[in-house]
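# Chains, contacts and geometry: an overview
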Amino acid sequence: MIKSNTFINIIFLIATYFVYITYKPFLIDIVIAILLSIALFNIEKFFYDKFNNKYISSSLITLFLATLLFTPLFYFISGATDLVHAITPESIKMVINKAKTLFEYLPNIVAQKLQQFLVSDNIQAIYNSIAKILGTLTAKSAVFLKDMTLIIIFFFFVNLYGKEILEFIKKVSPLDENKANILFKDTQEVMGLVFYSTLITSIFEGLLFGVFVQFYGFDGIFFSVMYAFASLIPVIGGAIMWLPMSLYLYANGDSESAIQIALYSIIVISIIADTFIKPLIIKYIKLELKNSIELNPLLIFFSIVAGLSSFGFWGVVLGPAITSVFISILKFYNKV
C-alpha cells in the first residue's frame, strides 16, 4: 500500500509537470521579471520607504522600468521604418562603387573576393538581403514588444507580492534560512551591479556617439538609441554603428567626416569610455549600492557574452544571474 507522503510526492511531481507545460511559453519572461525585480530592489525599497504603500511603490517602479524599456524601442521602430524607405538599390550601388576604392589597402586575396562578390549583378540581391534583415528586425521588435509587455506585467506582481513569495520559498526550500539569504543577497548584488553599470554605460556611450554625429547632419537621438543597444554586444557592438556610417559618408565624397567619426568612435568611445571610464562607473555603482560582492570583471564580461549567445537580448540579465547563483552554490560546498 502506498504511504501518504509517497502519494503526495507523486501527485506533486505530476502537478509540477503540468504546471511546467502550462507556463512553459512564459517561463523566460517570468524569470527575467524576477531578476529585474531583484536588480531594482533598492529603487523599489526607496519608493516603499517614502510612501509606505506596496501598491504605490510597485506601480512606480513598474512605470520606471516600462519607460526605460518602451521609450527607446518605439523610437527605434519609428526610425528603422524611415531608414528602410531611404535605402534603394541606387544608394547601395553608390556606396559599393566608392568602397571599391578602398580595396587597394586590403590584402589581395580579400580584395579579389570582395570584387567578385560586389559585382553589379549582386547589387539587387544585396538590397533584397538588407531589406529582409531590416524587415526581420522590425518583426523581431514586435515579438520583443510582446515579451516586454509580459515582463512588465509579471514584474509588477513580483514587486507587489515579492516579500510573501520570498518568505514562502524560504519555508519550502531545503536550504536553511542563512544560506537562502546569502543566495538572494549575492544574486541581488550581482544583478544590481550588472543592470546599473550596463544601463549607465550604454546610455553614456550612446550619448557620446549621438551628440557627435548630430554635428554631421544625422539624427542624434535615433543614433544615441541605436548605439546604446549596439554597445550591449561586446567587442563589435560599436563598429556595427560607426563603420556603415563612415562608409556612407565616404561614398558621398565626405571622406574627412568619415575618418573623423571612425577615429572618434575608436579612440573616445571604444578606448577611453569603454576601457577606462566604464571601470570607474562600475566602481562608483558598487560604492553607491554598498555592494560587497567580489566578481572578476572578466567573469561578468564572459557571462554577458554567453548570455547573449544563448538567450539573445535578455541574456544581459540571465547570463550574470545564472553565473552568480552557480558561484554562490559553489561557495556553500566550499564551506562544507
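See the structure shown above.
Fair warning: this is a prediction, and the values are worked out from it, not measured in the lab.

Conventions used here
Every chain is numbered on its own, with residues counted from 1 as its sequence reads. Totals for whole chains, interfaces and linings use every residue, but because this is a predicted model, local features are given only for residues with pLDDT of at least 70 and side-chain atom pairs only at 80 or more, for both listing and counting. With hydrogens and water set aside, each side-chain value is computed from the structure's full complement of heavy atoms. The axes used here are C-alpha line fits, helices contributing only the stretch in contact, and every angle between their N-to-C directions lies in the interval 0 to 180 degrees. Counting from the N terminus, the helices are DSSP H or I runs at least four residues long and the strands are E runs at least two residues long. The cut-offs work like this: below 35 degrees is roughly parallel, past 145 is roughly antiparallel, 65 to 115 is roughly perpendicular, and the gaps in between are oblique. Throughout, a contact is declared for two residues whenever any of their heavy atoms are within 4.5 Å. Gly counts as polar in this scheme, as do all residues outside two lists: the nonpolar Ala, Val, Leu, Ile, Met, Phe, Trp, Tyr, Cys and Pro, and the charged Asp, Glu, Lys and Arg. Note on aromatic pairs: the rings of Phe, Tyr and Trp (six-membered ring only in Trp) are paired at centre separations within 6.5 Å, and the planes decide the class, stacked below 30 degrees, edge-to-face beyond 60, tilted for the rest. Under the scheme applied here, a residue whose accessible area is under 20% of the maximum for its type counts as buried, over 50% as exposed, and between as partly exposed, the area being computed with a 1.4 Å probe on protein chains only. Definition used in this section: a nonpolar core is a set of buried Ala, Val, Leu, Ile, Met, Phe, Trp, Tyr and Cys residues joined via side-chain atoms within 4.5 Å. The arc in question is formed by the directions pointing from the helix axis toward the C-beta atoms.

This part is about the packing of helix 2 (residues 27-39) against helix 8 (residues 177-214). A pair of packed helices is captured by two measures, namely the crossing angle of their axes and the spacing between those axes. Axis separation between helix 2 and helix 8 bottoms out at 7 Å; the angle between their running directions is 85°. As the angle between them shows, helix 2 and helix 8 are arranged roughly perpendicular. Each of Leu35, Leu36, Ile38 and Ala39 in helix 2 lies in contact with helix 8, whose residues at this interface are Phe184, Thr187, Gln188, Met191, Gly192, Phe195 and Tyr196. The residue makeup of the contact of helix 2 with helix 8, split by class, is eight nonpolar, three polar and no charged.

Moving on, we get to unusual backbone geometry. At Asn52, a position not held by glycine, the phi torsion is positive, near 55°. Tracing the backbone through its elements, the reader meets Asn52 in the loop between helix 3 (41-51) and helix 4 (54-86).

The next subject is the packing of aromatic side chains. Scanning the model with the defined rule gives 10 aromatic pairs in all. Ring geometry for Phe156 against Phe157: centres 5.2 Å apart, planes inclined by 75°, an arrangement best described as edge-to-face. You can call Phe157 partly exposed: its relative accessible area is 42%. Ring geometry for Phe212 against Tyr264: centres 3.8 Å apart, planes inclined by 5°, an arrangement best described as stacked. With Phe212 in helix 8 and Tyr264 in helix 11 (residues 255-288), the pair connects residues that are 52 residues apart, well separated along the chain.

Quick look at the side chain of Ser303 now. The residue Ser303 is located in helix 12 (residues 297-311) in this model. Look past the residues within four positions of Ser303 in its chain and what remains in contact with it is Gly315, Gly319, Pro320 and Thr323.

This part takes up the nonpolar core. By size, the foremost hydrophobic cluster in this structure holds 57 residues, and its most contacted members are Leu36, Leu40, Phe209, Phe223, Ile261 and Trp314. Tallying contributions element by element places helix 8 first for this core, with nine residues. Excluding its chain neighbours within four sequence positions, the residues that come into contact with Phe209 are Phe223, Tyr227, Met241, Trp242, Met245, Ile261, Tyr264, Ser265 and Ile269.

When helix 3 is considered as a whole, its buried residues turn out to be Ile43, Glu44 and Phe47. End-on, the buried residues of helix 3 take up no more than an arc of 100°, which puts them together on one face. Of the residues one or two after helix 3, Asn52 is the one with positive phi, at around 55°.

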